[in-house]
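# Descriptive structure summary
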Amino acid sequence: MVLGWLGLRGKRPILAGMSIGFATCLKVFPGLLLVYFLFRHRRAFVAATLTMLGLIGMGGAIVGWQSYRDFYHAGRFALMTFGGSRHNISLLGIVARNVGEHLGWGLYRTTPTGMAMYFGIGVSVIGLFLWLLLQKPLLPTGTLASVDLEYCLVVALIPLLSPVSWDHYMCVLLLPIISLSRRIMADQPDGAPVLGLAGLLM
């Protein structure tokens, strides 16, 4: 994901798209950046899509298409069983712990009602982000500052909107935190913004 960010900053959308396409095939959740690419960086979106199709086709040809079916069923079982775990910090985890079926040992089975709520809230959050993205921007479009802000906002949403987010997924927030810190220290190196940043890090 860092390569994707660097590609956009360096005005190399093909590199950015290929990086995110590869990352999505590895871990799935970076795919949220594809929505951002579709609306803001079309060449990166095309590159990501072609990269994913190529890798998916290569995987199917090498290990067989049945592997994708097996992955789907294994992932669905894990999601329905562990989606409500107390260690899942995502939106789905919050929903499942409140409306899911309690299994004991800190586990809650994700119910159809919980999944519907998760999808409804998740789509609303993405829709709000896209609405803000397409409004008059706070920063000039295409500048390094605007790329940093938009990209980091999407990355910050990943732990929330990914169906399962364990504690170690929080490392993806390092990029938004570093970017925010650099901007605050460059614009207002003292006063309330620095205190706010310190509180956020705590």
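Residues numbered from 1 in each chain as written. Predicted model: local features only at pLDDT ≥ 70, side-chain atom pairs only at ≥ 80, totals over all residues. Heavy atoms only, no water.

### A short note on the pattern of salt bridges
If you walk through the whole model with that rule in mind, you get 2 salt bridges. Across the salt bridge formed by aspartate 148 and arginine 9, the nearest N and O atoms sit 2.7 Å from each other. Taken together, the residues span a long stretch of sequence, with aspartate 148 in helix α8 (residues 144–161) and arginine 9 in helix α1 (residues 2–9) at a distance of 139 residues. Take aspartate 148: its relative accessible area is 8%, and that puts it in the buried class. Glutamate 150 is the salt-bridge partner of arginine 40, the closest N and O atoms lying 3.0 Å from each other. You can see arginine 40 sitting in helix α3 (residues 32–40) and its partner glutamate 150 sitting in helix α8, a full 110 residues away along the chain. A relative accessible area of 10% means that glutamate 150 is categorised as buried. (Salt bridge = Lys/Arg side-chain N within 4 Å of Asp/Glu carboxyl O. Helix = DSSP H or I, 4+ residues; strand = E, 2+ residues; numbered from the N terminus. Buried < 20%, exposed > 50% of the residue type's maximum accessible area, 1.4 Å probe, protein only.)

### Section: the packing of α3 against helix α4 (residues 42–63)
Direction vectors running N to C along α3 and α4 enclose 135°, while the axes themselves pass 6 Å from each other. Taken together, α3 and α4 sit at an angle that is classed as oblique. Together, Leu34, Phe37, Leu38, Phe39 and Arg40 of α3 and Arg42, Ala44, Phe45, Ala48 and Met52 of α4 make up the contact between the two elements. For the contact of α3 with α4, the class distribution of residues is 8 nonpolar, no polar and 2 charged. (Axes fitted to C-alpha atoms, helices over the stretch in contact; angles between N-to-C directions. Parallel < 35°, antiparallel > 145°, perpendicular 65-115°, else oblique. Contact = heavy atoms within 4.5 Å. Nonpolar A, V, L, I, M, F, W, Y, C, P; charged D, E, K, R; others polar.)

### Notes on empty space enclosed by the protein
Taken as a whole, this structure holds 1 cavity of 30 Å³ or more when the rule is applied. Considered as a void within the structure, the largest cavity measures approximately 50 Å³ in volume. The greatest single-element share of the lining of the largest cavity, amounting to 4 residues, is contributed by helix α7 (residues 112–134). (1 Å grid on protein atoms, 1.4 Å probe; cavity = no way out; pocket = protein on both sides within 12 Å on 5 of 7 lines; lining within 4 Å. Points joined across faces, edges and corners; volume = space filled by probe spheres on them.)

### Focus on the nonpolar core
With 36 residues, the main nonpolar core has Leu8, Leu33, Tyr36, Phe37, Phe129 and Tyr151 as its most contacted residues. Only α1, α2 (13–27), α3, α4, α5 (66–82), α6 (91–99), α7 and α8 provide two or more residues apiece to this core. If one sorts the elements of this core by residue count, α8 sits on top with 8 residues. For tyrosine 36, the residues in contact, after removing those within four places along its chain, are Leu8, His41, Phe129, Leu133, Val147, Glu150, Tyr151 and Val154. (Core = buried A, V, L, I, M, F, W, Y, C linked by side-chain atoms within 4.5 Å.)

### Brief notes about α1
Gly4, Trp5, Gly7 and Leu8 are the residues of α1 that are buried. Mapping the buried residues of α1 onto a view down its axis gives an arc of 160°, with all of them on the same face. Directly beyond the C-terminal end of α1, a positive phi value near 55° is found at lysine 11. (Arc of directions from axis to C-beta.)

### Topic: the environment of proline 163
When you line up the elements, proline 163 lands in the loop between α8 and α9 (174–187). Classification of proline 163 as partly exposed rests on a relative accessible area of 31%. Placed 79 residues apart in sequence, proline 163 and glycine 84 show a C-alpha to C-alpha distance of 9.8 Å. When near neighbours in sequence (up to four residues on either side) are disregarded, proline 163 contacts Leu79, Asn88, Ser90, Leu92 and Tyr118.

### Considerations on the packing of α6 against α7
Running from N to C, α6 and α7 cross one another at 145°; their axes reach a closest spacing of 9 Å. Here α6 and α7 pass one another in a crossing that is right-handed. Across from Leu91, Leu92, Val95 and Val99 in α6, the residues of α7 making contact are Gly114, Met115, Met117, Tyr118, Ile121 and Gly122. (Left-handed = near helix turned anticlockwise from the far one by under 90°.)

### Regarding the layout of surface pockets
In this structure, the largest pocket encloses a volume near 1,100 Å³. Around the largest pocket sit 33 residues that line it, and Lys27, Val28, Phe29, Phe71 and Pro163 are the ones nearest its centre. In terms of residue class, the lining of the largest pocket is built from 26 nonpolar, 6 polar and 1 charged.

### Here we look at the packing of aromatic side chains
Counting across every chain of the model gives 5 aromatic pairs. Here the aromatic rings of tyrosine 36 and phenylalanine 37 are separated by 6.0 Å at their centres, their planes lie at 45°, and the arrangement is tilted. For tyrosine 36, a relative accessible area of 0% translates into the label buried. Here the aromatic rings of tryptophan 65 and tyrosine 68 are separated by 5.7 Å at their centres, their planes lie at 35°, and the arrangement is tilted. You can call tryptophan 65 exposed: its relative accessible area is 54%. Of the aromatic side chains, those joined through ring pairs into one cluster are Tyr36, Phe37 and Tyr151. (Phe/Tyr/Trp six-rings, centres within 6.5 Å; stacked < 30°, edge-to-face > 60°.)

Bear in mind that shape data such as this cannot, by itself, settle questions of function.
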